[in-house]
Amino acid sequence: MTVTRMSIDLKRVVDESYPLVIGRDLEDELGQILAGPELAARRVAIITDSNVARLKAGAIRQMLRNSGRGAEIFVFSAGEENKTRATKEQLEDAMIAAGFNRDSVIVAVGGGVVTDLAGFIAATFTRGIPYVSYSTTLVGAADAAIGGKTAVDTPAATNLIGAFHQPRAVLIDIATWASLDAPKICDGMAETVKHACIADADFFARLEDAFVNRGMGPEEFVRDADLAEYTARRNAQIKQDFVQSDVHEGNRRMGLNLGHTIGRALEAALNYRWAHGECVAVGLNLQARLGVGFGYISAADQLRLERLLAAIGLPTQIPDGVSVQAIMAAMKHDKKAAGGQIRFVFQDGIGALRLFAQGSYSRAVSAAQIEAFLSEQLG
């Protein structure tokens, strides 16, 4: 038999740039984006959760109706535990039943759970449709809204099934932060502290002054217009820098996962009983403690980080009742793991990331070493 070989040449250059808008009460801004030439003729599917449906999604639908544009709202139960393949399937079936097709655009209204899930639906619905993220939480603005990483969780690990699918626009509505309770604000502050740790010592010092020196509480923080707007801008700028330099997380963008190797594993081990930010806070503190042993950060800087997290109201220790084995099992599914090795990102002091051999932003740590370290923390 003759063997035939051919080359399927699919080289292409794609511009996936999109606008990012930060402000208050951005419904009209959203209307203008949806009226743009590529989106104006598309049916609008608003995907949101049960908390945000009554807070913001209804107002957005009314704004669209006032402009002569129809929109339907699709709601799922709030909470990380519902960011699953089953929820994705239910929303997709509801959209199909409502007649949505390739002529659609999704508007994700909510926090990180909503934008992760709705973005993943957009990536796969009829093989891909556009979406716009309208972020209503601090954690969503700091973490999930920018960058095009979409996913759902599995029992093995968080965000294990997903796709890179860039939004057509991101809007961060700071006005909605005033509706958040203290735990939800703290949830977002963990990702905010992470950004300061990896890229901006001055940002860290400003947070330290507010929460440690002045004793500011989370709800007081979101009422401080200057500090809240500065935080939103600085979070976005740092995330923008990392995403633009490494779109598909080949190396540098992994720096955004500081604290997440332990944090995400803890989240899965707890079966999502703790918020994402609470688990990341523990992960941040523990990577710093591990980093002290490696000489990447001083004991004094690690203590500064621990004090800031505690002053905000975030946990810094693994809670009682969680086994090292459960954390290790989840950690082995971490997306940074390669060749059976668990890889960690470490901060270099405060405000920078540690670089390793060949310019890598992560390094392998043996499972035995991690297990021994975690056992010490529980002890």
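Residues numbered from 1 in each chain as written. Predicted model: local features only at pLDDT ≥ 70, side-chain atom pairs only at ≥ 80, totals over all residues. Heavy atoms only, no water.

1. Describing the UniProt feature "domain: 3-dehydroquinate synthase N-terminal" (unreviewed entry) in the protein
UniProt marks residues 74-183 with the feature "domain: 3-dehydroquinate synthase N-terminal" (unreviewed entry), using the numbering shown here. Helix and strand shares over residues 74-183 are 32% and 25% respectively, and the end C-alpha atoms of the span are 26 Å apart. (UniProt positions renumbered as here; feature names shortened; annotations may be inferred. Helix = DSSP H or I, 4+ residues; strand = E, 2+ residues; numbered from the N terminus.)

2. Topic: the domain arrangement of the protein
Here the domain parsing of the protein yields domain 1 (20-179) and domain 2 (183-377). One C-alpha centre belongs to domain 1, the other to domain 2, and the line joining them spans 26 Å. Each partner contributes residues to the interface: domain 1 has 27 residues there, and domain 2 has 33 residues. Interface of domain 1 and domain 2: buried area, both sides summed, is about 2500 Å²; carbon and sulfur atoms make up 61% of it. There are two salt bridges connecting domain 1 and domain 2. Across the salt bridge formed by Glu-249 and Lys-149, the nearest N and O atoms sit 3.1 Å from each other. Across the contact surface, domain 1 and domain 2 share seven residue pairs in polar contact (both at pLDDT 80 or more). Of the residues forming the side of domain 1 that touches domain 2, the biggest block, five residues, is contributed by helix H5 (residues 138-144). Residues belonging to the side of domain 1 that touches domain 2 are distributed by class as follows: 15 nonpolar, six polar and six charged. (Domains from an automatic or database assignment. Contact = heavy atoms within 4.5 Å. Buried area = accessible area lost by both parts, 1.4 Å probe. Salt bridge = Lys/Arg side-chain N within 4 Å of Asp/Glu carboxyl O. Polar contact = N/O pair within 3.5 Å; in protein donor to acceptor, adjacent residues only side chain to side chain. Nonpolar A, V, L, I, M, F, W, Y, C, P; charged D, E, K, R; others polar.)

3. Points about the environment of Asn-285
In this structure, Asn-285 sits in helix H11 (residues 276-294). Between the C-alpha atom of Asn-285 and that of Ala-53, which follows or precedes it by 232 residues, the distance is 35 Å. Residues contacting Asn-285, with those up to four places away along its chain left out, are Gln-302, Leu-305, Glu-306, Leu-309 and Thr-316.

4. Quick word on the sheet that holds strand E5 (residues 131-135)
Pairing is parallel in the open sheet, where six strands are placed in the order E1-E8-E5-E4-E2-E3. The open sheet terminates on both sides in strands that have one partner only, identified here as strand E1 (20-23) and strand E3 (71-76). Shown here is a sheet whose adjacent strand axes are inclined to one another by a mean of 15°, direction ignored. Pairing of E1 with strand E8 (residues 169-173), which is carried by four bridges, proceeds in the parallel orientation. (Pairing = 2+ DSSP bridges. Axes fitted to C-alpha atoms, helices over the stretch in contact; angles between N-to-C directions.)

5. Details of the pattern of salt bridges
The tally for this structure, following the rule as stated, stands at 20 salt bridges. Salt-bridge contacts for Glu-267 lead to Arg-264; the nearest nitrogen and oxygen are separated by 3.1 Å. Separated by three residues within a single helix, Glu-267 and Arg-264 lie in helix H10 (residues 260-269), roughly one turn from each other. Classification of Glu-267 as buried rests on a relative accessible area of 0%. Residue Arg-264 is classed as buried on the basis of its relative accessible area of 12%. Connected through shared salt-bridge partners, Asp-25, Glu-27, Lys-56 and Asp-173 make up one network. (Buried < 20%, exposed > 50% of the residue type's maximum accessible area, 1.4 Å probe, protein only.)

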